[in-house]
Structures are given as structure tokens and as C-alpha cells.
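The primary structure of each chain is shown beneath.
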Amino acid sequence: PDITVILRDFDGPDHDVAATSRSFAGVAGVPVLVATEVSPDPPVPPTAGVTVLSLRPEPHRPPPRPELAVRTRHVALVPDGARAAPALLRRMRNLLEAASDGAVKVVAAAVGRRRRPRCLEAEVDIKAWTVRYGTDHHPAHHGSLCGALDGAPLVLLLRTRDLFSLPFPLTRPVVTSLSLQASLRGWRFLLLPDAFPSASLPPPSPHSLWKTQKSLEKQHRDLLDRFGLKLEVLPDGRQRWHGCTKDTPRCFGTIRSQTPSYLLAGRWTPPCCLRALRLTARHVLAQLDAAGVRHWLEGGSLLGAVRSGDIIPWDYDVDVGFYRQDLPKCRWLAAVAATGQALEDPQGFFWEKAAEGEFFRVHFSRTNRLHVDLWPFYPRQGGVMTKDTWLGHGQDVEFPERFLVPLGTVAFAGAVAKAPNDPRAFLEFKFGPGVIENPEYPNPEVRRLAQDV
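Residues numbered from 1 in each chain as written. Predicted model: local features only at pLDDT ≥ 70, side-chain atom pairs only at ≥ 80, totals over all residues. Heavy atoms only, no water.

Going by the annotation in an unreviewed UniProt entry, the name recorded for the protein chain is Ribitol-5-phosphate transferase, with Poecile atricapillus given as the source organism. In its Sequence similarities (unreviewed entry) section, the UniProt record describing the protein chain reads: "Belongs to the LicD transferase family." (UniProt positions renumbered as here; feature names shortened; annotations may be inferred.)

Draft legend 1. Examining the pattern of salt bridges more closely. Enumeration according to the criterion identifies 33 salt bridges in this entry. Of the charged contacts, one joins Arg8 and Glu37 as a salt bridge, the two residues approaching to 2.7 Å between their closest N and O atoms. Of this pair, Arg8 sits in the loop between strand S1 (3–7) and helix H1 (17–25) while Glu37 sits in the loop between strand S2 (32–36) and strand S3 (50–54), and the two are 29 residues apart along the sequence. Judged by relative accessible area, which is 6%, Arg8 ranks as buried. Here Glu37 falls in the partly exposed class, since its relative accessible area comes to 34%. Put simply, Arg447 and Asp452 hold a salt bridge, and the shortest N to O gap is 2.7 Å. Each member of the pair, Arg447 together with Asp452, is buried. A cluster of three or more residues bridged by salt bridges with shared partners is formed by Arg73, Glu97, Arg159 and Asp162. (Salt bridge = Lys/Arg side-chain N within 4 Å of Asp/Glu carboxyl O. Helix = DSSP H or I, 4+ residues; strand = E, 2+ residues; numbered from the N terminus. Buried < 20%, exposed > 50% of the residue type's maximum accessible area, 1.4 Å probe, protein only.)

Draft legend 2. Focus on the side chain of His283. Topologically, His283 is positioned in helix H7 (residues 271–291). For His283, a relative accessible area of 10% corresponds to the buried category. Not counting the four nearest positions on each side in its chain, His283 is found in contact with Asp345, Gln347, Phe349 and Trp351. (Contact = heavy atoms within 4.5 Å.)

Draft legend 3. Examining the sheet that holds S3 more closely. Ordered in space as S3-S2-S1-S4-S11-S5-S12-S9-S8, the nine strands form an open sheet in which the pairing is mixed. Only two strands of the sheet have a single neighbouring strand rather than two, namely S3 and strand S8 (138–139). Pairing of S1 with strand S4 (residues 74–78), which is carried by five bridges, proceeds in the parallel orientation. Looking at S4, one finds that Thr4 is bridged to Val75. On top of the sheet, helix H4 (residues 174–185) reaches S4, strand S11 (154–159) and strand S12 (188–196); it is set at about 40° to S11, its chief contact. (Pairing = 2+ DSSP bridges. Axes fitted to C-alpha atoms, helices over the stretch in contact; angles between N-to-C directions.)

Following this line, the structure appears as C-alpha cells:
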């Protein structure tokens, strides 16, 4: 009598909401809420104890407040097709109340015996836009303690106050949504070996299965987009990407005051953007190498290479210097310089002259403008390297040509890149002593690294 059942995960015309809600409403004293943005079709007939709760904001009604519709201490999130098992529901409630580990916030039980849920660990790194899953199994007296659960049909029971303390309490798919939010709060799931009965339904048609799968995939993508997660690392090491590609724009807009929008939100460069920058950098460096163009990593890109062999985690482009007199050796640079027109190479990378001055850019694609900046330097009298365009960044200083004669190498973005022969001295000449050991954002006056570490 102190549990409200919420039906949230259902979709399409083949749903079983009417029968599922009737089954749980038949348990004495258990109200059932069918929570949905769009009324179920076919509709749920009027049934005692069952209320359809609209989550869709409408201009002529107060905003949806599902927490006001729940008056019980506990809530059970029930998937479509489950059938009530009053004794199991009561046992879940009692185990939750008796849990000595305060981290156990959710008691879970499978629906049906066909697919057993997996006990997982989830590490959500908001700053890196990434969630990493691992398999885990901590035996408990009544089941398994888990940090997260996979998407198998489950009944989840938790305290009402805990559910509605979450920023996304009823976001679908429910199991994944709660697992990600639980991970960020250190919550644990107690997964029982018991299972709720499932409905005996006729097998769906292939077309219906296809539609259901597409709907689930869309829900999953929408959920990760809402949570700001661009990369999933699965327990077997496979990666699922949800960010930008060659066919989409990059994940952030125009850079202002050397500070991209994600830094203002306390995040670092999205992993899809870093991947695109690495691919573009390796392509450009290979093209310059093959053409015999003398070149080297510049500025923050060299700094990242010396620190970690990679792009700085919050950087948004790659900087490469090259000898201006070698420009004709690279056919892509020569063509852009001769015609003033941008061009796309056979691998889909987009070469152009920068609008801001006398330098060049190579974009990940015509659509995705993550890029490598190519800076043409030339020696002036006295053996000092200079260039024609200065943007006022820290690395915008002339430097002795001796740093480039001969050129050295460093590991960078999964490749070996040309670099000044004394990278530390070169970087300290440009940025000052200690720049390698003391990282900082590009414009500390706008945001400092200490705010996010």
C-alpha cells in the first residue's frame, strides 16, 4: 500500500499498457500512473486505479509535475508487458528499507526469464563527454550489487524522494537513464535473482520488430544527447560514438576570446571533436611529409605533444608551422594559393586560405570545420623566423631559426610529427618558464583550469 507503479517504457501500436496497468492495479492499494508525452494508441480504457499522466507541456495547462501525482513512499518503474507479483513487489520494498548499505537506492528484478539483465559498472565523465561501462558482480545476501544495469526489461523500485531528486527522473529509456544518473551519485542497484512474470503475447512481425528497434535506438541517442555524452565505451572495449562526423557540423560554435563554449560549461573538448582533429592532423602531416615540405608543430599542439603525446584535452584546433618557400611543393596548398579557391581532396578534407590573414586551414570536411591551421614562416635577416599574420595568441612571437635546423620529432595524435629540435626551450621561449608543468586554459581571464580540476 505504499508503492505507486509508473509505466513509462512503452512504444508503438503493439503496446500492452492496458493489460500491464490492469495487472498492477489489481494489487490492493497500488495506484498505477501511465506517464507519457503522447497518449497511448490504442488508448487505455478507463480502469479503476489507473491514471494516464501527461508529461507534455501545453500552453493552457500548468507545467507537468509528476512528483505531485505520487503520494506513496515508494515508486516502482514497470516496463510494458510485465505482470504483477505482489509478494515480489513487497519483498523488494522490504529489502530496500532494510538495506544497511546507504548506497543501495534501487532494488531491481527482471521481467520474464528470457533475457537476464547484466550487472555493470558505469563511470560517467561529464568533463570528457564519456561513459565507460565495465562488467561487475558483487554478490550480496539477496542478489547482486551493481553500479548500473543493461537495458533488459526490469522493474525498478526506489524511494519516491530519491527518484524525484534526479534531474531526469522519467527520461526514457528508464534503465539506462537511471543507471547513468545513479553512477554520478554513487548509488547502487540490488539486482534480485527473482523475476516478474511477463505477458504471453504473439510474436511481433518483422516490420514491428524493426520499428521497435529503431525507436529504442532513437531513445538511446536522444538520452545521451540530453545528458551531453558523445562516447560510450562498452564492457568489451568497443566504442559507440554519438557526436559529430564528417557529415555534421562540429559540436561547438565560433570561438570567442580563445574560449570555446564547452569550457564555459566546465567541460573539455568533446571526444568526437578530438578524434576528428587527430584524423585531420595525421592526414595533413602525412601530406606535408610526402611533399617534402619542412614543417613543425606549433603553439598549443606542440605543448600537448610534449606533455602527453596528444592534443591538449581542451584544445579546439591544431597548429603547424611550415617554411613559406616550400608551399609550392604541396599540391593542395599550391592550388589554393594560386586560385584563392577552397578545394576538397580525395579523402574529403577541405583545404582553404583563412579569411583572417596569410595562412591556410585544412578542415575535417566541408561540413565539419574542425581544422588544422598551417602558418607560413620565413627567415628574415639575422636568422629569425617570422610570418605575415599575427593573431595575438601566446605563440605569436618570432623565434631563432636554430630551433628548426635540424628538425626533431615528437609523438603526436597517434603519429610521429616533426617538431623543433629542442621542444622545451622552444615552448619556454614562446610562453615562458614552466609552461609544460603548469597547464592553463588559453585565456585565464575568461576561465581558469583550476575551476574545473
